[in-house]
Amino acid sequence: MPVPRSGRSGFTRIPALATAGAVLLALLALPRAAAADESAPTVPPRGSAHMGMGVVAHDGQGGLPSARSTQTEGVDVSSHQGTVAWPTLWASGVRWAYAKATEGTYYTNPYHSQQYNGSYDVGMIRGAYHFATPDTASGAAQADYFVNRGGAWSADGRTLPGVLDIEWNPYGDACYGKSATAMVSWIRDFLNQYRARTGRNAVLYTATSWWKQCTGNYAGFASTTPLWIARYASTVGELPAGWGAYTMWQYTSTGPTVGDHDRFNGTVDRVRAFAAG
């Protein structure tokens, strides 16, 4: 049987059909490639880290703590909250707040001024925190960066000491590629430099499971460093080695108005005393 020809060109239709079939097969393969890409973990952009972002993934979450009149409600915020409704939070009973100031030596929170000063303006006792990235610069360098960009302390009775937020690395290896000994040394450098610059001991924010994994459950900071523990449950649970009590507790990331809610382990008078130093 003669092969049909395509008009004036004189070429057969068979090569054209083969080409179309190849294109169709290639298109059919695309959804599989897309699905494979979607299954890969997404690394957030540098600067986007915030207090407690790894807690649910690593420790899960349980119930909420019962109300206690001897504890004072607080919140922590970062650029994720943008412009914060501080009057609403004050009306709900929040009396202290921390705002992210810096990360590593490469990021400053663009909302820090509104968050840090806005909380103060409605009557709250406020402070600033630094998200540590021990794989990018030394502890001392990050302490300096923090102090120079919103993390300093003043003895006005309404400014809390700065916080070192040290937790799971959202950009890579959980322990930032450091051994337990190297991590302890890095933290010590930060804490020592912060005290040298401000005259106050920084607060250390962490989760017990991360502390065990990445510092070997080191107990040597407990005598001088206030602890802010992260645990999203009805009880605070086990504390890192050396600490018999916590100063602050981040107990949820799904609170009203602002997700991250905290308890200070004392009345508002104790919060003021802690701020005063």
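Residues numbered from 1 in each chain as written. Predicted model: local features only at pLDDT ≥ 70, side-chain atom pairs only at ≥ 80, totals over all residues. Heavy atoms only, no water.

Novice: I'd like to hear about the overall build of the chain, residue by residue, with values.
Specialist: In terms of helices and strands, the chain carries eight helices and nine strands. Taken over 277 residues, the chain has a buried fraction of 45%. Considering only contacts within the chain whose residues lie at least 6 apart along the sequence, 69% involve residues at least 24 apart. Of the roughly 12900 Å² of accessible surface on the chain, a fraction of 56% belongs to carbon and sulfur atoms. (Helix = DSSP H or I, 4+ residues; strand = E, 2+ residues; numbered from the N terminus. Buried < 20%, exposed > 50% of the residue type's maximum accessible area, 1.4 Å probe, protein only. Contact = heavy atoms within 4.5 Å. Areas by Shrake-Rupley, 256 points an atom, 1.4 Å probe, with all protein chains shown as cover.)

Novice: Describe the packing of aromatic side chains, and please don't skip the residues or the numbers.
Specialist: Within this structure, the stated rule accounts for 15 aromatic pairs. By way of ring pairs, the aromatic residues Trp96, Tyr98, Tyr205, Trp228, Phe264 and Phe274 are connected into one cluster. Cation over ring: Arg200 sits above Trp153, and NZ or CZ is 4.9 Å from the ring centre. If you follow Arg263 out to its NZ or CZ, it ends over the ring of Tyr251, 5.1 Å from the centre. (Phe/Tyr/Trp six-rings, centres within 6.5 Å; stacked < 30°, edge-to-face > 60°. Lys NZ or Arg CZ within 6 Å of the ring centre and 35° of its normal.)

Novice: Describe unusual backbone geometry, naming the residues involved and giving the relevant values.
Specialist: We note that Asn217 has phi near 60°; this positive angle belongs to a residue other than glycine. By secondary structure assignment, the location of Asn217 is in the loop between helix H7 (208-215) and strand E7 (227-230). For Asn217, a relative accessible area of 22% translates into the label partly exposed.

Novice: I'd like a rundown of the side chain of Thr206, residues and numbers included.
Specialist: You can see Thr206 is positioned in strand E6 (residues 203-206). Exposure remark for Thr206: the relative accessible area of 0% places this residue in the buried category. A distance of 3.0 Å separates a polar side-chain atom of Thr206 from the backbone oxygen of Ile166. Sequence-distant contacts of Thr206, defined by excluding residues within four places in its chain, comprise Ile166, Trp211, Leu227, Trp228, Ile229, Ala230 and Pro240. (Polar contact = N/O pair within 3.5 Å; in protein donor to acceptor, adjacent residues only side chain to side chain.)

Novice: Break down the confidence of the model for the chain for me, citing the residues and quoting the values.
Specialist: Overall, the predicted model of the chain reaches an average pLDDT of 89, with 85% of residues at or above 70. Contacts of residues 23-37 to residues separated by more than four positions or lying in other chains number zero contacts, the stretch itself having pLDDT below 50. (pLDDT = per-residue confidence, 0-100.)

Novice: Outline the state of the cysteines, supporting the account with residue identities and numerical values.
Specialist: Overall, the coordinates contain one disulfide when judged by the stated rule. Each disulfide pairs two cysteine sulfurs, and for Cys175 the partner residue is Cys214, the sulfurs being separated by 1.9 Å. Handedness here is read from the sign of the S-S torsion; for Cys175 and Cys214, about -75°, the answer is left-handed. Here the residue Cys175 occupies a position in the loop between strand E5 (163-165) and helix H6 (180-198), and Cys214 occupies one in helix H7, the gap between them amounting to 39 residues. A relative accessible area of 9% means that Cys175 is categorised as buried. (Disulfide = S-S within 2.5 Å.)

Novice: Give a detailed account of the side chain of Asp165, specifying residues and quantitative values.
Specialist: Turning to its location among the elements, Asp165 is positioned in strand E5. Of the side chains with opposite charge, Lys100 comes closest to the buried, unpaired Asp165, at an N-O distance of 7.4 Å. Those residues in contact with Asp165 that lie beyond four places of it in its chain are His50, Met51, Gly52, Tyr129, His130, Phe131, Ala132 and Tyr205. (Lys, Arg positive; Asp, Glu negative; His and termini not counted. Salt bridge = Lys/Arg side-chain N within 4 Å of Asp/Glu carboxyl O.)

Novice: Break down H7 for me, citing the residues and quoting the values.
Specialist: All of the buried residues along H7 are Thr208, Trp210, Trp211, Cys214 and Thr215. One side of H7 holds all its buried residues, which, seen down the axis, span an arc of 160°. Looking at the buried residues of H7, the elements they touch are H6, E6 and E7. In the stretch just after H7, Gly216 is the one whose phi turns positive, near 70°. (Arc of directions from axis to C-beta.)

Novice: Pulling in residues and values, what's your account of the environment of Ser48?
Specialist: Mapped onto the secondary structure, Ser48 falls in the loop between helix H1 (14-39) and helix H2 (55-59). Taking C-alpha positions, Ser48 is 9.1 Å from Pro170, a pair spaced 122 residues apart along the chain. Those residues in contact with Ser48, other than ones at most four positions away along the chain, are His80, Lys100, Glu103 and Tyr171. A polar atom in the side chain of Ser48 sits 2.6 Å from the backbone oxygen of Pro45.

Novice: Hey, could you go over the environment of Gly63 for me, with residue numbers and the actual values?
Specialist: The residue Gly63 is located in the loop between H2 and strand E1 (72-77) in this model. For Gly63, a relative accessible area of 39% gives the class partly exposed. Remark: the alpha-carbon pair of Gly63 and Ser234, spanning 171 residues in sequence, is separated by 4.8 Å. Aside from chain neighbours lying at most four places away, what touches Gly63 is Tyr232, Ala233 and Ser234.

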